[in-house]
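Architecture at a glance
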Amino acid sequence: MNKYFKTFFNGIITENPTFVLMLGMCPTLAVTTSAINGIGMGLSTTAVLMLANLLIGILHGIIPDKVRIPSYIVIIATFVTVVDLVLQAFVPSLYSALGIYIPLIVVNCIIFGRAESFASKNGPLLSLVDGLGMGLGFTGAITIIGLVREFFGAGTAFGIDVLGRIPGFTPISTFIMAPGALFVVAILTALQNKLKAPSATNTPEGEARMACGGNCANCAGAAFVHNKELIDKRNAQIEAEKAAAKKAAAEKAAAAKMAAAEKAAAGAVKAAANAGGEVKK
Amino acid sequence: MIAGKLFIVLISAALVNNVILSRFLGLCPFLGISKSIKTAAGMGGAVVFVITIASVVCSTIYMTLLEPRGLTYLNTIVFILVIACLVQVVEMVMKKMMHSLYEALGIYLPLITTNCAVLGIALENVQEANPGMNRILYSVVNGVGASLGFCISIILMAGIRERIQFNDITKSFKGMPIVLVTASLMAIAFCGFSGLI
């Protein structure tokens, strides 16, 4: 039981996908114009994440390793289509507010990252719990960002008028436009850096934690296994070059030392010869 | 008449509704690969190439296979698979036929498969209810426009980042935060284009 709680809180706090891992930045920035939109997007993603993790957890060991990426894509896309149709039927207002970002849950790296790094290695039940934890962590984070933007940009919180009651108040409408999203996230990461809170932006190992690399903001395009190999190869190459350069430098230094020693020895011999000469004289 | 319409679609996709700075599609490569102008231009070129081809292929499949059979609800699944295969095919063809182009754009191609801009533009092309012209033509122009918008903003960003490197920045803003603030200011500047149409 303890294992399940640990996995659950891992997603919400320790490895919060938005604040700590910086995964899935596109929906985080795009749909957080209000807290309600944040909740809607977060819960849709949670549903997809749980269902996809559950199914991939059940199928792990059955899907051959070579075709796992296309299989995961089909599984995730299927659940996204289901969520898309459900929202269209039952919550049309949210559906039109989120628009194209619902089908784009398919390419959200949180879902693929969890499938690849967790669900493909653990049982279905643990994967389901992981999906729930990660999903709720994401929901909480984007709701908070949405709340901040809505509060300053429209003067409301969850649609209830707050700042508007102050006479003469004008909302800073930039906050609910595109620049506001980038600005709020910038301030947030700066605060994390200041408080030394763990985040992918200030820990060097932040990038290596997940199979896909984690850290969307620093990611060279959602990095899957295919290009992980490429990147690893490149890093290895850079390392090898560095090592070679170091070796060359060391050799050069050694050679210089040797030359200096030889010079000194030659000098000594010369001095000895001179001394000998003097003695002869 | 049609040329004027196409021009409006192009400008609207490239500048007014800039794919990164106003719609946040493809934000990961925008923040990740914008450290130098050279790599940014490489990525931009690869994105223009892939989005244009993906727009044509996805719209054609939508028009000829999905719509007549009433299967439009399958578009997300079909498009993501088509794009994933397409990128692989483009990579192979390029490697064989256009080696110099492959050398220039090759490493960026696999990164694009899951770039949300590609799927986003493909979906947007078919969701536009009444494009007022042939849908495939509209898709091509919209795709080219959007990917040019991507190119413009990633290259501008790389240029600014190359300069920022030498500036004295407060410690907590070093790294990602200053990049996000820069992007935010660029987004404000791009808001100015909304008066164009």
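As the structure is a computational prediction, the values presented were derived from the model and not from experiment. (Residues numbered from 1 in each chain as written. Chains lettered and ligands numbered in written order. Predicted model: local features only at pLDDT ≥ 70, side-chain atom pairs only at ≥ 80, totals over all residues. Heavy atoms only, no water.)

**Brief notes about the overall build of chain A**
Looking only at helices and strands, chain A features nine helices and two strands. Each helix and strand of chain A, ordered N terminal to C terminal, gives the series α-α-α-α-α-α-α-β-β-α-α. Restricting the contact set of chain A to residue pairs at least 6 apart, pairs at least 24 apart contribute 71%. Accessible area of chain A: about 14,100 Å², with a carbon and sulfur share of 69%. (Helix = DSSP H or I, 4+ residues; strand = E, 2+ residues; numbered from the N terminus. Contact = heavy atoms within 4.5 Å. Areas by Shrake-Rupley, 256 points an atom, 1.4 Å probe, with all protein chains shown as cover.)

**Some words on the interface of chain B and chain A**
On the chain A side, the residues contacting the 43 residues of chain B number 44 residues. Counting across the interface, chain B meets chain A through zero salt bridges. Residue assignment for the side of chain B that touches chain A shows that the elements contributing at least two residues are α2 (27–32), α4 (75–97), α6 (109–112), α7 (116–127) and α9 (176–191) of chain B. Element by element, the count of residues in the side of chain B that touches chain A is highest for α9(B), at nine residues. Residues that form the side of chain B that touches chain A fall into these classes: 27 nonpolar, ten polar and six charged. (Salt bridge = Lys/Arg side-chain N within 4 Å of Asp/Glu carboxyl O. Nonpolar A, V, L, I, M, F, W, Y, C, P; charged D, E, K, R; others polar.)

**Side note on the packing of helix α4 (residues 68–90) of chain A against helix α6 (residues 109–119) of chain A**
All names here are of chain A. It is at 11 Å that the axes of α4 and α6 come closest, and there the two elements cross at 130°. Compared by their axis directions, α4 and α6 come out oblique. Once α4 is placed against α6, the crossing between them reads as right-handed. Mapping the contact onto sequence places R68, I69, Y72, I73 and I76 in α4 and I111, F112, A115 and E116 in α6. Class assignment for the residues of the contact of α4 with α6 results in seven nonpolar, no polar and two charged. (Axes fitted to C-alpha atoms, helices over the stretch in contact; angles between N-to-C directions. Parallel < 35°, antiparallel > 145°, perpendicular 65-115°, else oblique. Left-handed = near helix turned anticlockwise from the far one by under 90°.)

**What to know about the confidence of the model for chain A**
Residue and element names in this part refer to chain A. Scored by pLDDT, chain A has a mean of 80; 81% of the residues are at 70 or more. Across chain A, helix α3 (residues 35–59) holds the top mean pLDDT of 92, while helix α9 (residues 225–280) sits lowest at 72. When the criterion is pLDDT under 50, residues 204–227 qualifies, and its contacts beyond four places in sequence or with other chains add up to 68 contacts. (pLDDT = per-residue confidence, 0-100.)

**Details of the pattern of salt bridges**
Residue and element names in this part refer to chain A. Inspection of the entire model under this criterion finds three salt bridges over all chains. The salt bridge involving D65 is made with R68; its shortest N-O contact spans 3.5 Å. For D65, a relative accessible area of 56% corresponds to the exposed category. (Buried < 20%, exposed > 50% of the residue type's maximum accessible area, 1.4 Å probe, protein only.)

**Some details on the environment of F24(B)**
Relative to the helices and strands, F24(B) resides in the loop between α1 (2–16) and α2. Judged by its relative accessible area of 2%, F24(B) is buried. Sequence spacing of F24(B) and R135(B) is 111 residues, and the spatial spacing of their C-alpha atoms is 24 Å. In this structure F24(B) touches C26(A), L29(A), A30(A), A178(A), A181(A), L182(A) and V19(B), once residues within four positions along its chain are discounted.

**Observations regarding a positive patch on the surface**
A surface patch of positive charge is lined by K194(A), K196(A), K171(B) and K174(B). Relative to the helices and strands, K196(A) resides in the loop between α8 (178–194) and α9. With a relative accessible area of 64%, K196(A) lands in the exposed category. (Patch = residues over 30% accessible without salt bridge, like charges linked within 9 Å, V, L, I, M, F, W, Y side chains within 5 Å. Lys, Arg positive; Asp, Glu negative; His and termini not counted. Charge placed at Lys NZ, Arg CZ, Asp CG, Glu CD.)

**Details of the environment of K252(A)**
Residues and elements named next belong to chain A. Secondary-structure assignment places K252 in helix α9. Owing to a relative accessible area of 66%, K252 belongs among the exposed residues under this scheme. A C-alpha to C-alpha distance of 72 Å links K252 and G164, two positions 88 residues apart in sequence.

**Structural notes on α8(A)**
Taking 1.5 Å of rise per residue, the 17 residues of α8(A) would be expected to cover 24 Å, and the 25 Å separating its terminal C-alpha atoms lies within 8% of that figure. The buried fraction of α8(A) amounts to twelve of the 17 residues, a majority that puts the element mostly inside the structure. Elements that come into contact with the buried residues of α8(A) comprise α2 (25–30) and α7 (124–154) of chain A together with α9 of chain B. The first or second residue beyond α8(A) is K196(A), which carries a positive phi of 55°. (Expected span 1.5 Å × (residues − 1).)

**Focus: the nonpolar core**
Core analysis: the biggest nonpolar cluster contains 111 residues, and L27(B), F30(B), F79(B) and L119(B) have the highest contact counts within it. Per element, the largest residue contribution to this core is ten residues, and it comes from helix α3 (residues 37–66) of chain B. Leaving out residues up to four positions away in the same chain, L27(B) has contacts with M25(A), C26(A), L29(A) and I20(B). L6(B), V9(B), M133(B) and Y138(B) belong to the second-largest nonpolar core, a separate cluster that totals five residues. (Core = buried A, V, L, I, M, F, W, Y, C linked by side-chain atoms within 4.5 Å.)

**As for the side chain of R23(B)**
Inspection of the secondary structure puts R23(B) in the loop between α1 and α2. For R23(B), a relative accessible area of 15% gives the class buried. If we ignore the near neighbours within four places in the chain, the residues touching R23(B) are A30(A), Y101(A), A13(B), N17(B), N18(B), I121(B) and E124(B).

**Some points on the packing of aromatic side chains**
Per the counting criterion, the structure on display carries seven aromatic pairs over all chains. Judged by centre distance (5.3 Å) and plane angle (65°), the rings of F190(B) and F193(B) are edge-to-face. Given the relative accessible area of 10%, F190(B) is considered buried. F193(B) gets classed as partly exposed once you look at its relative accessible area, which sits at 28%. An aromatic cluster is defined as three or more aromatic residues linked by ring pairs; in this entry it consists of F151(A), F152(A), F175(A) and F183(A). Positioned over the ring face of Y4(A) is K3(A), at 5.9 Å from the centre of the ring. (Phe/Tyr/Trp six-rings, centres within 6.5 Å; stacked < 30°, edge-to-face > 60°. Lys NZ or Arg CZ within 6 Å of the ring centre and 35° of its normal.)

**Structural notes on unusual backbone geometry**
Of note in the backbone geometry, F158(A) takes a positive phi value of approximately 55° without being a glycine. Residue placement: F158(A) occurs in the loop between β1 (156–157) and β2 (160–161). Despite not being glycine, F24(B) shows a phi value in the positive range, around 60°.

**Quick look at the environment of G155(A)**
All names here are of chain A. Considering the arrangement of structural elements, one finds G155 in the loop between α7 and β1. G155 sits in the buried class, given a relative accessible area of 0%. Excluding its chain neighbours within four sequence positions, the residues that come into contact with G155 are E150, I160, D161, V162, L163, G164, F169 and P171.

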